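# Survey of secondary and tertiary structure
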Amino acid sequence: MRMPGTSGGPRLTAEHNGDVSFWWRARGGFPPRRPSLPGSLTADVCIVGGGFTGLWTAYYLKQSQPGLRVVVLEAAFAGFGASGRNGGWLTSALPGSRDRYARGPGGRDAVLDLQRQLRETVDEVARVCAAEGIDADLVKGGELSVATTPAQLGRLHEELLSDREWGLGEKEVQFLGQAELSARVRVANGLGALYSPDCARIQPAKLVTGLADAVERSGVEIYEATPVTRIVPGSGGAGPDTGPRACTVFGDVTARFVLRATEGFTARLPGQRRTLLPMNSSMIVTEPLSEAAWQEIGWAGREAIGDSAHVYMYAQRTEDGRIAIGGRGIPYRFGSTLDHRGTTQPETVDTLGRILGRLFPAAAGARIDHAWCGVLGVPRDWCATVTLDRASGLGAAGGYTGHGVAASNLAGHTLADLVAGEPTPRTALPWVGHRARTWEPEPLRWTGVHGLYTLYRAADRIEDQGADRTSPLARIGDRISGIPH
Ligand SMILES: Cc1cc2nc3c(=O)[nH]c(=O)nc-3n(C[C@H](O)[C@H](O)[C@H](O)COP(=O)(O)OP(=O)(O)OC[C@H]3O[C@@H](n4cnc5c(N)ncnc54)[C@H](O)[C@@H]3O)c2cc1C
């Protein structure tokens, strides 16, 4: 029986749902599983989590200090988390609020520096891909934030004004009118866009697989199917057993430093339940579109494309001519529980399918090949953190709020610098040592997030009717949540 969809008509469904993500299926399935931790051992640095953050940290540690024994412990397999499921925007977008970072000791200059270093990070990832022979389908086509309603257009103008105040010139971000936008890509009802050149499209599973292989080639030991059950701080002494420990059912890794890179999964670790909220994001991908459809859509530049709705969508044109499009389904599961291997709800598949058809009518009838979801880590103040406490030997990086593909490279590089203990331009960035308060306990946490998205969806519906300014409902939502704009 076909179920009614969210906007009438039969519900749109996907051929595959879950299996971690389409990106893994597209690259021919999961990579061969690496062995689990063979038993207790000691290392110089132990990294918990084999996503981009953990792997980039390991990569730069070995680049600067080849003699270190570096061990990565991964609960499933490298790239199982958001790093193998994301929208493939290698974006220089700031993970957090400029104003909030500017309250740190480095002030405004440190924020300008973070913006600049994030832009350079897009090229740094491309450089490593070239140097390590990683084919990640990387195309630096830039990023388009598109407005499809007058209220969204108003927000783009506000954003541009703020960007200019924060030192971004025409080279970093420019406004495109309706005609300039449609010369690049025909988005139905596209009224204008902001264009930034500092973004590349990637195939996430290809990047994370290539990076894990490069890290392993450099001598890092990656143990998979090895969930860490507890992280114990070191006592600060000089003896061999005084360092911090990562505990697993197979044994413990004792090291000088234990670095947590568990992002949206962090709540499962004892003592970390309220540190990062696991926010869900879901994606669908179409079958490869016909040449005629691409003629109608354009999109020759492979820009990453997002809209400016409060519950926004993000999309990419894949290497093999599909559209992959993502957005917020059910935003958060009660008690910070997680999805099962990326299976997403049928309602979310239907909603994303309709957004696809609305924005790209030429793709409206395309088969939806695959749907999946994943979690990203959201700190209470929506600003990312890189920390290392030399006394306990514990460190962490994450909380990128959905902008972590490039940021995890810079954060991992920074964490490696902090381990080395010498100041670098990265160790003065405003997210170093940044602390956010913890999330509210349940049921407040669930009620707050679901209430927020109810407000945002209502605001989008009002704006879709043609309102020419941002709905006050969304402003209330922003004020309650502290989400930066
Ligand atoms: C659907 C989706 C779309 C997204 N799109 C974009 C995008 O287009 N651009 C962008 O910039 N960002 C995007 N993001 C966010 C981005 O993917 C993440 O910020 C980034 O991948 C974070 O990398 P990470 O290594 O910190 O976390 P993850 O990739 O989640 O890695 C954490 C790893 O830790 C492991 N782990 C967890 N707990 C333990 C434990 N106890 N013991 C051992 N291992 C453990 C997990 O298995 C996992 O492999 C998206 C996220 C999602 C979910």
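Higher on the page you've got the structure.
Residues numbered from 1 in each chain as written. Predicted model: local features only at pLDDT ≥ 70, side-chain atom pairs only at ≥ 80, totals over all residues. Heavy atoms only, no water.

## As for the pairing of strand E13 (residues 277-286)
Burial runs high along E13: 10 of the 10 residues are buried. The pairing of E13 with strand E17 (residues 368-378) spans 10 bridges and is antiparallel. Looking across to E17, one finds that Pro278 is bridged to Gly377. Pairing geometry for E13 and strand E16 (residues 323-327), over four bridges, is antiparallel. Bridge pairing in E16 places Ile284 opposite Ile325. (Buried < 20%, exposed > 50% of the residue type's maximum accessible area, 1.4 Å probe, protein only. Helix = DSSP H or I, 4+ residues; strand = E, 2+ residues; numbered from the N terminus. Pairing = 2+ DSSP bridges.)

## Notes on the pattern of salt bridges
Applying the stated criterion to the full structure yields 30 salt bridges. Here Arg98 ties to Asp163 by a salt bridge, and the two come within 2.8 Å at their closest N and O atoms. Of this pair, Arg98 sits in helix H3 (residues 98-102) while Asp163 is found in helix H5 (residues 150-165), placing the two residues 65 residues apart along the sequence. Of the residues examined, Arg98 reaches a relative accessible area of 15% and is grouped as buried. On the basis of relative accessible area, Asp163 is assigned to the buried category, the value being 8%. Between Arg367 and Asp369 there is a salt bridge whose closest N-O contact spans 2.8 Å. According to the relative accessible area criterion, Arg367 is partly exposed, its value standing at 38%. (Salt bridge = Lys/Arg side-chain N within 4 Å of Asp/Glu carboxyl O.)

## Considerations on the pairing of strand E14 (residues 304-307)
Where burial is concerned, the two faces of E14 agree: the one with Ala304 and Gly306 and the one with Ile305 and Asp307 are both buried. As paired elements, strand E5 (residues 143-147) and E14 share four bridges and run parallel to each other. From the neighbouring strand, Val146 faces E14, where its bridge partner is Asp307. In this structure, E14 lies alongside strand E15 (residues 313-317), joined through two bridges in antiparallel fashion. By the bridge assignment, Ile305 is partnered in E15 with Ala315. Hairpin connection from E14 to E15: five residues lie between these consecutive antiparallel strands.

## As for the site of the ligand
Around the ligand, the structure places 38 residues, and the nearest of them are Thr53, Glu74, Ser83, Val228 and Val405. Glu74 is positioned such that a nitrogen or oxygen atom in its side chain is 2.6 Å from an oxygen atom of the ligand. The separation between an oxygen atom of the ligand and a polar main-chain atom of Gly404 is 3.0 Å. Contact with the protein chains removes 98% of the 1000 Å² of surface that the ligand exposes when unbound. (Near = heavy atom within 4 Å. Polar contact = N/O pair within 3.5 Å; in protein donor to acceptor, adjacent residues only side chain to side chain. Areas by Shrake-Rupley, 256 points an atom, 1.4 Å probe, with all protein chains shown as cover.)

## Quick notes on the state of the cysteines
Under the defined criterion, the tally for this structure stands at zero disulfides. No disulfide involves Cys46; its sulfur sits 9.8 Å from the nearest other cysteine sulfur, which is in Cys247. The buried category is assigned to Cys46, whose relative accessible area is 0%. In this structure Cys129 is a free cysteine whose sulfur lies 14 Å from that of Cys199, the closest cysteine sulfur available. Judged by its relative accessible area of 6%, Cys129 falls in the buried class. (Disulfide = S-S within 2.5 Å.)

## Considering the packing of aromatic side chains
Geometrically, a pair of aromatic rings is defined through the distance of the ring centres and the angle of the planes. Applying the stated criterion across every chain yields a total of 14 aromatic pairs. With centroids separated by 4.9 Å and ring planes inclined at 45°, the aromatic side chains of Phe30 and Phe77 adopt a geometry described as tilted. Of the two residues, Phe30 sits in the loop between helix H1 (22-26) and strand E2 (41-48) while Phe77 sits in the loop between strand E3 (70-73) and strand E4 (89-91), which places them 47 residues apart along the sequence. Phe77 gets classed as buried once you look at its relative accessible area, which sits at 1%. Taking 5.7 Å as the distance between ring centres and 75° as the angle between the ring planes, the aromatic pair formed by Phe77 and Phe80 counts as edge-to-face. Of the two residues, Phe77 and Phe80, neither departs from the other in class, the shared state being buried. Site record: aromatic cluster; members linked through ring pairs are Trp24, Phe30, Phe77, Phe80 and Phe265. One residue, Arg184, lies across the ring of Tyr195, its end atom 4.0 Å from the ring centre. (Phe/Tyr/Trp six-rings, centres within 6.5 Å; stacked < 30°, edge-to-face > 60°. Lys NZ or Arg CZ within 6 Å of the ring centre and 35° of its normal.)

## Overview of the sheet that holds E15
Read across the sheet, nine strands follow the order E1-E17-E13-E16-E15-E14-E5-E7-E6 without closing on themselves; strand pairing throughout is mixed. Looking along the sheet, the strands with just one partner apiece sit at the ends: strand E1 (14-17) and strand E6 (174-177). The average undirected angle you get between the axes of adjacent strands in this sheet is 25°. Helix-sheet contacts for helix H9 (residues 346-359) involve E1, E13, E15, E16 and E17, and the interaxial angle to E13 is about 55°. (Axes fitted to C-alpha atoms, helices over the stretch in contact; angles between N-to-C directions. Contact = heavy atoms within 4.5 Å.)

## Focus on unusual backbone geometry
Residues Glu442 and Pro443 are joined by a peptide bond in cis, for which omega reads 5°. In this fold, Pro443 is placed in the loop between helix H10 (404-420) and helix H11 (444-464). The backbone of Asp137 sits at a positive phi, close to 55°, despite the residue not being glycine. Looking at where Asp137 falls in the secondary structure, it is placed in the loop between helix H4 (107-132) and E5. The class for Asp137 is buried, based on a relative accessible area of 11%.

## Some details on the environment of Ala406
Within the secondary structure layout, Ala406 lies in helix H10. Remark: the alpha-carbon pair of Ala406 and Pro423, spanning 17 residues in sequence, is separated by 22 Å. If we ignore the near neighbours within four places in the chain, the residues touching Ala406 are Leu90, Thr91 and Thr121.

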